[in-house]
Number of protein chains: 2
Amino acid sequence: MTERTRIRRLPQKAVDDRAVLYSILDLALIAHVAIVDDGQPYALPVGCARDGDQLLLHGSKASRLFKTLSSGVPCCATITLLDGLVMARSAFESSMHYRSAMVLGSCVELAGEEKKEALEKITQHFLPGRVAELRKSTDNEFKATSVITLALVEYSVKVSNGEPDDLVEDLSSPIWAGIVPMTHLWGTPRSAANLAEGITPPAYLANWPTGRA
Amino acid sequence: MTERTRIRRLPQKAVDDRAVLYSILDLALIAHVAIVDDGQPYALPVGCARDGDQLLLHGSKASRLFKTLSSGVPCCATITLLDGLVMARSAFESSMHYRSAMVLGSCVELAGEEKKEALEKITQHFLPGRVAELRKSTDNEFKATSVITLALVEYSVKVSNGEPDDLVEDLSSPIWAGIVPMTHLWGTPRSAANLAEGITPPAYLANWPTGRA
């Protein structure tokens, strides 16, 4: 944690624990990555995965975002998992249950064997079990994809998972108070329109983790 | 749309339709809002709601983010709804189903009656049906909350909801291909630990929209 990542608002929700950071990143599929261009900030959704103490981001080599990130400019990657709504007895104390992580730093583009391994880790993260049955990527596909890493060095983590924090004088209110959890669940797989008959969804889908967002 | 919001990557997924923008914002609970401070971009999750052609953001008056946003600096608010994973016959063509919106501009802080109405709209958006049964906010609560608006003028919208876009030579692959949808669902309400006995969750919870993230 640095002065730039010190949590000032609701510091009691700050979590100084690398294991919690990892647990958030291990569920996350999308990071919102912010860059600055000509004084204007941009935040864009990017597919992400964790590899040890690195956050992997992947996208098109031709994209403006990845060209900019690869040049090593300062960036910020933020991941938020929404876990539910807190219905307190007042609008003011009502809030959300969430887990969020913000990582600051500069990205480094991967190449060669490192890039190849990172791409497999990304596929494994998004589609656990899929790597083994996919054909190998072609050279053109490999070249068209950019993989960059952001070191998990300067970060903050915030977790909100508590009870409604009502004023004492509101506790006698006759209205319901509590938590409405939100779950992120995989639905029934839908076969591609051009799938040959007789091919069924892979069994490993049943093992996919929920709670992802 | 401006040059700053023209979608360059996968432009076929760009949607130039205000109704689609509104439909995304009307489901969204969290926007990732990016600002620049001393050359460093920051992206932070913020509770959001739409009011006509304005995006409403609310947070603590004391927060650094809201102080910065209220000063009218350039910002970016990005909303992403993750709808599923596209399992193509190659890693390269595998992707996500999503709806995302990016809004650029400068925020304006609300005060007085406008702020009061905006706060009710935010509560109604987050907790539909709740406003009628909540007590009125106190003056201190009202003062401690900041509500700012970002005009929906300069924005881009991207929707990915298609079939796996495999290479022709991959169509004879023996592996399954298709879409694994992701749903965002409300779970069973959990009463606050200090809730008086006999108070049950409100009936309006059954009418809450799903698909939110």
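The coordinates are above.
Residues numbered from 1 in each chain as written. Chains lettered and ligands numbered in written order. Predicted model: local features only at pLDDT ≥ 70, side-chain atom pairs only at ≥ 80, totals over all residues. Heavy atoms only, no water.

On to the overall build of chain A. Along the backbone of chain A there are 4 helices and 10 strands. Overall, the C-alpha framework of chain A stretches about 65 × 50 × 30 Å when taken along its three principal axes. The buried share of chain A, taken over its 213 residues, is 52%. The contacts of chain A with a sequence gap of at least 6 include a subset with a gap of at least 24, amounting to 76%. For chain A, the computed accessible surface area is about 9300 Å², with 53% contributed by carbon and sulfur atoms. Of note, chain A has its 22 positive side-chain charges centred 5 Å away from the centre of its 25 negative side-chain charges. (Helix = DSSP H or I, 4+ residues; strand = E, 2+ residues; numbered from the N terminus. Buried < 20%, exposed > 50% of the residue type's maximum accessible area, 1.4 Å probe, protein only. Contact = heavy atoms within 4.5 Å. Areas by Shrake-Rupley, 256 points an atom, 1.4 Å probe, with all protein chains shown as cover. Lys, Arg positive; Asp, Glu negative; His and termini not counted. Charge placed at Lys NZ, Arg CZ, Asp CG, Glu CD.)

Turning our eyes to something else, we now look at the environment of Val15 of chain B. Residues and elements named next belong to chain B. Looking at the element boundaries, Val15 is found in the segment before α1 (18–27). Residues Val15 and Cys75, 60 residues apart in the sequence, show an inter-C-alpha distance of 22 Å. Contact partners of Val15, with chain neighbours within four places excluded, come to Val20, Val157 and Val159.

Residues and elements named next belong to chain A. Helix length check: helix α3 (residues 112–126) (15 residues) gives 21 Å between terminal C-alpha atoms against 21 Å at 1.5 Å per residue, within 8%. Among all positions in α3, only Lys115, Ala118, Leu119, Ile122, Thr123, His125 and Phe126 are buried. Burial along α3 is one-sided: seen end-on, the buried residues are contained in an arc of 160°. (Expected span 1.5 Å × (residues − 1). Arc of directions from axis to C-beta.)

In this section: unusual backbone geometry. All names here are of chain A. Despite not being glycine, Asp38 has its phi angle at roughly 60°, a positive value. Here Asp38 lies in the loop between β1 (30–37) and β2 (40–51). We classify Asp38 as exposed; its relative accessible area is 81%.

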